[in-house]
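So the chains spell out like this:
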Amino acid sequence: MTSKTVTIVGQGYVGLPLAQAAARAGWRVHGLDVTESLVEALNDGTSHVDDLSDADIQEMLGLGYRATTDPAVVADSDVVVICVPTPLGDGGSPDLGAVKASSRTVGDNLTEGTTVILESTTYPGTTDGIVKPILEMASGLTAGDDFQLAYSPERVDPGRTDYGIKNTPKLMGGMDDASTQGAVAFYGSFIDHPVPMDGMREAETAKLLENTFRHVNIALVNEMAKFCKELNIDIWEVIRGAATKPFGFMKFTPGPGVGGHCIPIDPNYLSYEVRNQLGYPFRFVELAQEINNSMPRYVADRVGELLNEHRKPVNGSEVLLLGVTYKANIADQRESPAMPVAEALRDRGAVIRFHDPMVENWNLESGSVTREASLEEAVKAADVVVVLQAHETYDLEKLAADAKVMLDTRGAAPKPAVRL
Ligand SMILES: NC(=O)c1ccc[n+]([C@@H]2O[C@H](COP(=O)([O-])OP(=O)(O)OC[C@H]3O[C@@H](n4cnc5c(N)ncnc54)[C@H](O)[C@@H]3O)[C@@H](O)[C@H]2O)c1
């Protein structure tokens with residue numbers, strides 16, 4: 001057990017589980033955030049992320065964890081980890097505003113001997129070219145001599161139970177050996193497999209390779225789903241067959257589009273930097289984007305076809321969307337493809353209804369929708385039911401039998417549901 005202190009900057013989906021792991025390993029943990037209401041809720045023992053319950057936060061508080069908006073906590077910390085958002089800005093370019101602002105805050109309060117680690121997903125060169133100069137300028141200290149600096153990407157998969165912080169290998173690349181070892185010493189106190197890397201840029205790029213790999217492979221099966229439909233080939237059976245190969249193949253499945261804060265966003269960071277530094281496109285990313293972004297409209301087209309087979313126009317038909325979060329069994333709606341699916345159908349005059357066990361009120365750009373009170377009645381009443389997320393609480397066999405028509409975009413419902 002250690003009695004050292006860590007400040008974790010950003011108490012969201014990444015920072016909060018990290019704070020929990022560190023607190024359980026005996027670290028004194030400060031959870032630094034700029035959102036006052038969030039800090040108050042955490043100190044009152046209330047969680048806002050799917051993977052942590054209120055009881056988890058209360059346990060953390062019992063272990064000495066405190067959330068705060070006061071950056072002075074950085075000064076008495078042995079380690080500072082930055083886990084702030086890295087969204088896309090105007091025109092789809094990286095928005096490093098939170099990384100820059102938090103680096104400045106850390107730099108203003110930094111003391112000698114501290115190890116600073118960036119966890120936010122970002123393009124190669126950010127830790128060295130952006131975070132380092134801000135820390136040095138704000139603190140008057142020199143990276144490498146006075147403090148250590150490393151990059152260690154987060155690999156959390158919200159809602160996943162077989163792999164968590166402890167048993168997922170974690171990459172860490174420092175600006176020098178001492179920095180890498182500083183990161184290994186911190187994470188190694190609660191992670192089974194720290195993976196030291198030769199450099200920060202390699203660690204940054206490895207994270208983007210992982211997410212681009214998913215993006216591209218999802219696009220591959222999405223494109224195949226479209227032409228298999230036209231060729232009258234069952235893509236789900238194709239994938240089931242291919243996935244029996246024990247080597248050289250990894251299973252990905254089609255769907256209504258990619259969501260969340262990683263797959264639709266992170267590969268852009270890489271393509272932006274390739275274009276910015278080298279002047280040419282990262283074609284795989286751009287193609288994957290084009291295909292995955294086309295899926296919500298494809299789902300709307302398929303709904304139109306199914307209604308047509310039943311002699312109904314989209315205009316005026318009641319469409320019930322099941323599961324509007326970006327993945328199954330979690331409440332996170334960020335970048336969910338359900339939104340463009342609903343907007344495309346509304347544009348064509350459909351009456352949108354929805355049900356999701358984890359979302360009560362769903363705010364669409366064209367106005368909010370309230371969850372159907374009775375799933376059973378809503379399924380029976382709708383002209384078409386569209387499964388966007390197969391949450392495990394859904395009895396899809398029964399729902400498919402009850403629905404007039406069901407379009408299943410996840411390949412999870414049995415016949416008579418029609419698959420994407
Ligand atoms: N959520 C995931 O599954 C996941 C997985 C891997 C990597 N990531 C990456 O981790 C980073 C954080 O993502 P997240 O999902 O935890 O974001 P989040 O939005 O859930 O949380 C970020 C927190 O940072 C706070 N914040 C913003 N600016 C700040 C500042 N200047 N100082 C202090 N706090 C500040 C916000 O108030 C918020 O509470 C991103 O780069 C993301 O791409 C996320």
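I will try to describe carefully the structure that is included in this document. (Residues numbered from 1 in each chain as written. Predicted model: local features only at pLDDT ≥ 70, side-chain atom pairs only at ≥ 80, totals over all residues. Heavy atoms only, no water.)

**A look at the packing of aromatic side chains**
- In the structure shown here, the tally under the stated rule is eight aromatic pairs.
- For the ring pair Tyr187 and Phe190, a centre distance of 6.2 Å and an interplane angle of 70 degrees mean the geometry is edge-to-face. Grouping residues by exposure puts Tyr187 and Phe190 together as buried.
- Taken together, the ring pairs in this structure connect Trp27, Phe186, Tyr187 and Phe190 into an aromatic cluster.
- Directly above the ring of Tyr187 sits Lys170, whose terminal nitrogen or CZ lies 4.5 Å from the centroid. (Phe/Tyr/Trp six-rings, centres within 6.5 Å; stacked < 30°, edge-to-face > 60°. Buried < 20%, exposed > 50% of the residue type's maximum accessible area, 1.4 Å probe, protein only. Lys NZ or Arg CZ within 6 Å of the ring centre and 35° of its normal.)

**A closer look at the layout of surface pockets**
- Each pocket or cavity is described by its volume, and for the second largest pocket that value is around 490 Å³.
- Residue lining of the second largest pocket: 26 residues in total, with Pro17, Gln20, Gly164, Ile165 and Lys166 positioned closest to the centre.
- Top contributing element to the lining of the second largest pocket by residue count: helix α1 (residues 15-24), with five residues.
- Here the residues of the lining of the second largest pocket are counted per class, giving twelve nonpolar, five polar and nine charged. (1 Å grid on protein atoms, 1.4 Å probe; cavity = no way out; pocket = protein on both sides within 12 Å on 5 of 7 lines; lining within 4 Å. Points joined across faces, edges and corners; volume = space filled by probe spheres on them. Helix = DSSP H or I, 4+ residues; strand = E, 2+ residues; numbered from the N terminus. Nonpolar A, V, L, I, M, F, W, Y, C, P; charged D, E, K, R; others polar.)

**Considerations on the packing of helix α7 (residues 200-231) against helix α9 (residues 266-278)**
- Interaxial distance between α7 and α9 falls to 8 Å at its minimum, and their mutual angle equals 115 degrees. The handedness of the crossing between α7 and α9 comes out as left-handed. Between α7, through Thr205, Lys207, Leu208, Asn211, Thr212 and His215, and α9, the contact on the second element is made entirely by Asp266, Pro267, Tyr269 and Leu270.
- Broken down by class, the residue content of the contact of α7 with α9 amounts to four nonpolar, four polar and two charged. (Axes fitted to C-alpha atoms, helices over the stretch in contact; angles between N-to-C directions. Left-handed = near helix turned anticlockwise from the far one by under 90°. Contact = heavy atoms within 4.5 Å.)

**Details of the site of the ligand**
- Contacts to the ligand come from 26 residues, most closely from Val14, Asp33, Thr35, Thr86 and Thr121.
- When the ligand sits alone it has 830 Å² of accessible area, and the protein chains cover 89% of it.
- Looking at the shell around the ligand element by element, the count peaks at three residues for helix α4 (residues 97-109).
- Grouping the constituent residues of the shell around the ligand by class yields 13 nonpolar, nine polar and four charged.
- When we break the shell around the ligand down by domain, the ones giving at least three residues each are domain 1 (5-198) and domain 2 (235-419). (Near = heavy atom within 4 Å. Areas by Shrake-Rupley, 256 points an atom, 1.4 Å probe, with all protein chains shown as cover. Domains from an automatic or database assignment.)

**A short note on the nonpolar core**
- In this structure, Val6, Val29, Tyr65, Val81, Phe186, Tyr187 and Phe190 are the most contacted members of the largest nonpolar core, which totals 34 residues.
- For this core, the elements supplying multiple residues, two or more each, are β1 (5-9), α1, α2 (36-43), α3 (54-62), β4 (79-82) and α6 (177-187).
- In terms of residues, this core owes the most to one element, α1, which gives six residues.
- Once residues lying within four places of it in the same chain are set aside, the contact partners of Val29 are Val6, Ile8, Ala19, Ala22, Ala23, Gly64, Tyr65 and Arg66. (Core = buried A, V, L, I, M, F, W, Y, C linked by side-chain atoms within 4.5 Å.)

Keep in mind that these numbers describe shape and distance, not what the molecule does.
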